[in-house]
Amino acid sequence: MNMLQISGSPHIHTQDSSRKIMWTVVIALMPAFLASIYFFGLGALKVTLISVISCLLIEWLIQKFLIKGETTITDGSAVITGLLLAFNVPSNLPWWIIVIGALVAIGIGKMAFGGLGKNIFNPAIVARIFLLISFPVQMTTWPKVSILDFSGVDAVTGPTPLAIVKEGLKNGEPFNQIMNNLPNNLDMFLGNMGGSLGETSAIALIIGGIILLSRRIISWHIPVSILGTIVIFTEFIYYFFPESCISPEMHTAFPMFHLLSGGVLLGAIFMATDMVTSPMTKKGMLLYGVCIGIITVLIKVWGAYPEGMSFAILIMNGFTPLINKWLKPKRFGEKLTVKQ
Amino acid sequence: MLFFILYKNFFFLKEINFFLYICKSKNEYQLKHRHVKTFSKGGIHPEENKFAHKSTLEDFPNPKQVVLYASQHLGAPATIIVAKGENVKVGQMIAKGESFVSANLHASCSGVVSKIETVSDFAGFKKQAIFIDVEDDIWEESIDRSPDIISDIKMESTEIINKIKECGIVGLGGACFPTHVKLMIPDGKKAQYCIINAAECEPYISVDNRIMIERGEELIIGACILRKALHLNDVYIGIEQNKSEAIANMTTIAKKYNGVHIVTLKTKYPQGAEKQLIKAIANREVPAGKLPIDVGCVVDNACTALAVYEAVQKNKPLISNYMTYSGKSVTPKNYRVRLGTPISNIIEANGGLAENTGKLVSGGPMMGKTIINLNAFTAKGFSSLLQITTAEAKRLQPSNCIRCGRCVNVCPMGLEPYLLSVLSKQGRFEECESEQIMSCIECGSCQFTCPSARPLLDYMRLGKNKTGAMIRARISQN
């Protein structure tokens, strides 16, 4: 007869675990991965594999030789970071830049803070911005879409829709010409446009988002507040600062255009909703999402960079501890107060 | 939310405002007018495992020796008034509660008092106990043992409370608070709601369900007695949706009695927690540090209501309790067992411990206590004996907090377990106090839900213990 266990309540536990959560997120990223291979060919596969493998390798090396502790590469978090890092870069990026990115993501963005759950900033975002600033040319030279191209040749490059707009304005092109150069809405929705390898296909990202929502891994608060704020805030800017807008006629294209370009969907669904770096309460998540939306639009309209999502997420990640401190859940029996 | 309103965008302002108002008030409206009531904050849905729902109540055979602890209730232990060698009958008072918060104890079997000794109860605490060698089953003559249902309540409020005190009735939901003390409303407070807790939200346990099906009318009369003691005209009996047969039976019987309201509750843990039950039925929230009577509510368990019926109408003191014997590898049973029966008798009568038993638990799997000592005896409030399998009871290796926020979402008291457990671990008890750790009802929802298997409730209990000691030290200094 075995000895009976003695421990405190509760004596049962849910079947869910953080490992299951991580691997479900990996599955939710698969539609975008497949879409990237469809549109960008072999280059996308190469970049993603290098990214994931280097992230795993670097985490394993750090845990074995620097920390000299147990390895946790099987919990799936390094794979997620690898995938998200790959999705944030163009598919023709040289392999050594990706490895540097993985080093920054895992080494600085995650392990330097103490490992899983202890980082303040989203590791993939940290790496992406690091690469953007350190290798601006390689990070802003996107390949042209070539469907199901497995030749491995990424010779032809082309700009993203946002870059088309910014360039067009700089060159003083008339509105009609700029609009003609942009891909139409359906193309942008499916992913038939230039951009980093994971951010182009809206439909694949939305499918991934639905998987996450149905599994209750993310809640609707952050994506809806980010996207809603972007739409509303661009309207706001149009009404009150019409001269900053590209042109009055272009504003009619803007809500959809802003939502489908510049990595907004990837950021709103996968990067900003990262559990470790986002607020814990629903109220906090809404505030977080609204601020990300505002900062993104500000950078897009008045900033130098064509896309502002990653900077917005990085800035708000820094505010998450403060949001957690300010917006506490309403205690049972207490009236609603905001902690001063 | 404020940001939306700050936008000076006239096309959206009115719609957004209206939308927010609808969302917030829709929740409140639904809570008030819905047919099925629930509490709004937190809660989890563990596997119900109500295997014993269909097992009819059985009388467990009297043991050869009963051992009755002098302290089977909250408050001061009762003073033993019998001596070694004395003959006792069933229902004879053998220990008297002397202080204000205390309860009487009565012999559960007839026989001879063989010794009075200190023993360990099932949780390992030392208690004084009376050993009775059982002979026959002779009852006190004043107890009415007939099965007739007496619905006429002749006693007045003060007499009812005295009878409940005399018969040693305590809260049989598990806390064992002396019922007569709960019914004596302090000056300045008024009882407005009399609520009977028949939610039975913990998995496995089915005794409230069976007594509602088999002894429903007596339970309702007991509820009427309790409301009369409180000078009220209405009593609310809250029953969770997974007990459809009980709800149907009780609703039919309740039609014969005025002012007995059967309230259907959504099946959600911890619906049976006092504060959550009051929120669901009366839509009032008990503030932190206060008692239910501060919002005008008195809550009693369903088994307590039945015991009150037997005490007031049949002059029968508390000498037995209803319990469920269940588990994944066990034939489920519902027993009426005399107080002081050895737990090992019950286990052996059901074929001993199953091969895959990991833990024995008294109470539910969420809040029950682990049984440390198999040489223990049933007592008041011992509502179930569960065999938890090794697979269910296994404590996984905790990993880093991934800050998913699920513990915050499920906490019914609106606390932040991830934060409180870290503060407790680091010994920061002043901050624990300001983060309201003392409001924790120890329901275990946080630890159940944590995907990283972190021992949140263990740290919360540590924190509550130390913070409580700190608060008491501060009060005694002033």
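For clarity, every value in this text was computed on a predicted model and none was experimentally measured.

Rules and cut-offs
- Residue positions are given per chain, counting from 1 as you read along its sequence in written order.
- Going through the entries in the order they are written, you letter the chains from A and number the ligands from 1.
- Local features in this predicted model are restricted to residues of pLDDT 70 or higher, and side-chain atom pairs are both shown and tallied only at a pLDDT of 80 or more, whereas totals for entire chains, interfaces and linings draw on every residue.
- The basis for the side-chain values is all heavy atoms of the structure; hydrogens and waters are excluded.
- Secondary structure elements follow DSSP: runs of H or I of four or more residues count as helices, runs of E of two or more count as strands, with numbering from the N terminus.
- The buried label goes to any residue with under 20% of its type's maximum accessible area, the exposed label to any with over 50%, and the partly exposed label to all in between, with areas taken from a 1.4 Å probe on protein chains only.
- Only heavy atoms matter for contacts: two residues are in contact if any of them lie within 4.5 Å across the pair.
- The accessible surface values rely on the Shrake-Rupley method and a 1.4 Å probe; as for residues, cover is taken only from the protein chains in view.
- As used here, buried area is the combined drop in accessible area, with a 1.4 Å probe, of two parts when they are placed together.
- Note on definitions: salt bridges are taken to be side-chain nitrogens of Lys or Arg within 4 Å of carboxyl oxygens of Asp or Glu.
- Within 3.5 Å is the distance limit for a polar contact, defined as a pair of N or O atoms, with the added protein rule that one can donate a hydrogen and the other accept it, and that residues adjacent in sequence qualify only through two side-chain atoms.
- Ten residues, namely Ala, Val, Leu, Ile, Met, Phe, Trp, Tyr, Cys and Pro, are considered nonpolar, four, namely Asp, Glu, Lys and Arg, are considered charged, and the remaining ones, Gly among them, are considered polar.
- What makes a nonpolar core is a set of buried Ala, Val, Leu, Ile, Met, Phe, Trp, Tyr and Cys residues whose side-chain atoms join them at distances within 4.5 Å.
- Think of a patch as exposed residues, more than 30% relative accessible area, with no salt bridge, where like charges cluster within 9 Å and nonpolar side chains (Val, Leu, Ile, Met, Phe, Trp, Tyr) cluster within 5 Å.
- Strand pairing is defined by DSSP finding a minimum of two bridges between the two strands.
- Simply put, an axis is a line fit to the C-alpha atoms, just over the touching stretch for a helix, and the angle between two N-to-C directions goes from 0 to 180 degrees.
- As a per-residue measure, pLDDT reflects the predictor's confidence and takes values from 0 up to 100.
- Only Phe, Tyr and Trp rings are paired, with Trp represented by its six-membered ring, and only when their centres lie within 6.5 Å; those with planes under 30 degrees apart are stacked, over 60 edge-to-face, the remainder tilted.
- A ring is scored as having a charge over it whenever the NZ atom of a lysine or the CZ atom of an arginine sits within 6 Å of its centre and within 35 degrees of its normal.

Peer 1: So, the overall build of chain A: which residues are in play, and what are the values?
Peer 2: For chain A, the helix and strand inventory stands at 15 helices and 0 strands. When each of the 340 residues of chain A is scored for burial, the buried share is 54%. Expressed as a percentage of contacts within chain A between residues at least 6 apart in sequence, the contacts between residues at least 24 apart total 75%. Here chain A displays about 14,800 Å² of accessible surface, and carbon together with sulfur accounts for 68% of that area.

Peer 1: Could you give an account of the interface of chain B and chain A, naming the residues involved and the relevant values?
Peer 2: Across the contact, 66 residues belong to chain B and 49 residues belong to chain A. For the chain B and chain A pair, buried surface summed over both sides reaches about 5,100 Å², with 59% attributable to carbon and sulfur atoms. One can count 5 salt bridges joining chain B with chain A. Of the charged contacts, one joins A:Arg331 and B:Glu435 as a salt bridge, the two residues approaching to 3.1 Å between their closest N and O atoms. Counting across the interface, chain B meets chain A through 24 residue pairs in polar contact (both at pLDDT 80 or more). Examining the composition of the side of chain B that touches chain A, we find that 5 residues originate from one element, strand 16 (residues 357–362) of chain B, more than from any other. Among the residues making up the side of chain B that touches chain A, the classes are represented as 33 nonpolar, 17 polar and 16 charged.

Peer 1: Before we move on, can you summarise the nonpolar core with the specific residues and values?
Peer 2: Most often, soluble globular proteins have nonpolar side chains that are buried together. One finds A:Phe87, A:Phe270 and A:Ile292 to be the most contacted residues of the largest nonpolar core, which totals 93 residues. Take this core: its biggest share by element is 12 residues, from helix 1 (residues 18–40) of chain A. Apart from the residues lying within four places of it in its own chain, the contact partners of A:Ile292 are A:Ile226, A:Ala272, A:Met309, A:Ala312, A:Ile313 and A:Met316. Judged by nonpolar contacts, the second largest core, of 55 residues, contains B:Met155, B:Ile161, B:Leu232 and B:Ala246.

Peer 1: Tell me about a nonpolar patch on the surface, and name the residues and values.
Peer 2: All names here are of chain A. Together, Tyr239, Phe240, Phe241, Leu298 and Trp302 give the surface a local cluster of nonpolar side chains, amounting to about 480 Å² of exposed area. Of all the secondary-structure elements, those providing two or more residues to the nonpolar patch are helix 11 (221–240) and helix 14 (282–302). If you trace the backbone, Phe240 turns up in helix 11. Looking at Phe240, the relative accessible area reads 40%, which means it is partly exposed.

Peer 1: Report on the sheet that holds strand 14 (residues 320–327) of chain B, specifying residues and quantitative values.
Peer 2: Residues and elements named next belong to chain B. Spatially, 6 strands are ordered 2-15-14-18-16-17 in an open sheet, and the strand pairing comes out mixed. Since the sheet does not close on itself, it has two edges, and those belong to strand 2 (57–59) and strand 17 (369–370), each with one partner. Here strand 2 runs beside strand 15 (residues 333–338); their pairing, made up of 3 bridges, is parallel. Bridging from a neighbouring strand, Leu57 pairs with Asn334 of strand 15. Helix 5 (residues 207–214) rests against strand 2, strand 14 and strand 15 of the sheet, and its axis sits at about 120° to strand 14.

Peer 1: Which residues make up the confidence of the model for chain B, and what values do they have?
Peer 2: All names here are of chain B. Of all residues in chain B, 93% have pLDDT values of 70 or greater, and the mean over the chain is 91. The model gives residues 7–12 a pLDDT under 50, and that stretch makes 12 contacts with residues more than four places away or in other chains. Model confidence for the complex: the whole-complex pTM is 0.88, and ipTM, which rates the interface, is 0.88.

Peer 1: Could you give an account of the pattern of salt bridges, with specific residues and numbers?
Peer 2: Opposite charge on two side chains lets them pair, provided their charged atoms get close. Residues and elements named next belong to chain B. Scanning the entire structure with this criterion turns up 30 salt bridges over all chains. Put simply, Lys328 and Glu392 hold a salt bridge, and the shortest N to O gap is 3.9 Å. In this pair, Lys328 sits in the loop between strand 14 and strand 15 while Glu392 sits in helix 11 (residues 390–393), placing the two residues 64 residues apart along the sequence.

Peer 1: Help me get a handle on the side chain of B:Ser452, residues and values and all.
Peer 2: Mapped onto the elements, B:Ser452 comes out in the loop between helix 15 (445–449) and helix 16 (456–477). Residues contacting B:Ser452, with those up to four places away along its chain left out, are A:Ser18, B:Gln397, B:Pro398, B:Ser399, B:Asn400, B:Cys401 and B:Ile402.

Peer 1: So what about the packing of aromatic side chains? Which residues, and what values?
Peer 2: Residues and elements named next belong to chain B. This model, assessed by the stated rule, comprises 8 aromatic pairs over all chains. Centroid distance Phe60 to Tyr335: 5.0 Å. Interplanar angle 75°. Geometry classified as edge-to-face. Taken together, the residues Phe60 in the loop between strand 2 and strand 3 (65–69) and Tyr335 in strand 15 connect sequence positions 275 residues apart. Look at Phe60 and you get buried, because its relative accessible area is 8%. Ring geometry for Tyr193 versus Tyr236: centroids 5.4 Å apart, planes at 45°, classification tilted. Separated by 43 residues along the polypeptide, Tyr193 in strand 10 (residues 193–198) and Tyr236 in strand 11 (residues 235–240) bring together distant segments of the chain. Each member of the pair, Tyr193 as well as Tyr236, is classed as buried. Over the ring of Tyr69 we find Lys127, and its NZ or CZ is 5.5 Å from the ring centre.

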